[in-house]
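Observations on the model geometry
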Amino acid sequence: MSEKSKETEEEFSFICPSCKQGKIFIKKTVYELPDKDQMLIIKFECNHCNFTNNDIIPLTTNMEPGIKLLKIENEEDLKSKIYRSPIAKLEIPELELMVEPGPSANFYYTNVEGILDRFESAVLIYFDNLQTNDPEKNEIQELLDNIAKAKKGELPVTLKLTDEGGGSYIIPQNESKYEFIRSKSVNSNDI
Ligand SMILES: [Zn+2]
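Ile72, Ile82, Val112, Leu116, Leu159 and Leu161 are the most contacted members of the largest nonpolar core, which has 20 residues in total. Of all the elements in the fold, those that place two or more residues in this core are β5 (66–72), β6 (81–84), β7 (89–92), α1 (112–128), α2 (136–151), β10 (157–163) and β11 (169–171). With four residues, the single largest contributor to this core is α1. Look past the residues within four positions of leucine 159 in its chain and what remains in contact with it is Leu70, Ile72, Ile92 and Val112.

Pasting the structure below:
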């Protein structure tokens, strides 16, 4: 399929989800098709076990800086894929959950369900560390219940990805639930 291709390799401090020991290396290859459409092929490879994963993203997918919003309303929506670049902020405003950007922030390449799982684990750790009589416990229990509902698609929530550098993307299962608000301050000649 390749008329022209450009390959780059990037390393993130991203621990292998399979062996939990190796590091994931990410190879991005941009292919330009004869009709000038571009495809991005992302290959994830562990340097320790044999875990690999591939994804193909049409570059019509919006990777420009801005805010990406995805409504999660049913089980199908939970399968939408998310790539959060390390500089992007990820939020679920309805549940007041947030992952701040930063060099040490976890790298996310997963689907919506995977994101809810990670939030759930983090909240559980927090919950378990509260004293039994801590008044905050009820509030956190309610949050855990809501995350559980969202994971079944029974509680509508919004996934908000704010990326001022670009490079993050959302691949929605259902396009009509996706919205992109472009940053005004950035010129957008390239991807
Ligand atoms: Zn591995």
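Summarising the element assignment, threonine 158 is placed in strand β10. For the pair formed by threonine 158 and glutamate 73, sequence separation is 85 residues and the distance between their alpha carbons is 8.6 Å. What threonine 158 contacts, discounting residues up to four positions off in sequence, is Leu69, Leu70, Lys71, Ile92, Pro93 and Glu94.

Running from N to C, α1 and α2 cross one another at 165°; their axes reach a closest spacing of 10 Å. In terms of axis orientation, α1 runs roughly antiparallel to α2. In this structure, the crossing between α1 and α2 has a hand that is left-handed. On the side of α1, the interface is formed by Glu113, Leu116, Phe119, Glu120, Val123, Leu124, Tyr126 and Phe127, while α2 contributes Ile140, Leu143, Leu144, Ile147, Ala150 and Lys151. Classifying every residue of the contact of α1 with α2 gives 11 nonpolar, no polar and three charged.

Okay, the sheet that holds β10 next. The strand order across the open sheet built from five strands is β8-β7-β10-β5-β12, with neighbouring strands paired in antiparallel fashion. In this open sheet, the two edge strands, each paired with only one partner strand, are β8 (97–99) and β12 (178–182). The sheet shows a mean angle of 15° between the axes of neighbouring strands, direction not considered. Bridging between β5 and β12 involves five bridges; their strand directions are antiparallel. Its bridge partner lying in β12, leucine 70 is registered against tyrosine 178.

What counts, and where the lines are drawn
- Residues numbered from 1 in each chain as written.
- Predicted model: local features only at pLDDT ≥ 70, side-chain atom pairs only at ≥ 80, totals over all residues.
- Core = buried A, V, L, I, M, F, W, Y, C linked by C-beta atoms within 7 Å.
- Buried ≥ 20, exposed ≤ 12 C-beta atoms within 10 Å, placed from the backbone.
- Helix = DSSP H or I, 4+ residues; strand = E, 2+ residues; numbered from the N terminus.
- Contact = placed C-beta atoms within 7 Å.
- Axes fitted to C-alpha atoms, helices over the stretch in contact; angles between N-to-C directions.
- Parallel < 35°, antiparallel > 145°, perpendicular 65-115°, else oblique.
- Left-handed = near helix turned anticlockwise from the far one by under 90°.
- Nonpolar A, V, L, I, M, F, W, Y, C, P; charged D, E, K, R; others polar.
- Pairing = 2+ DSSP bridges.

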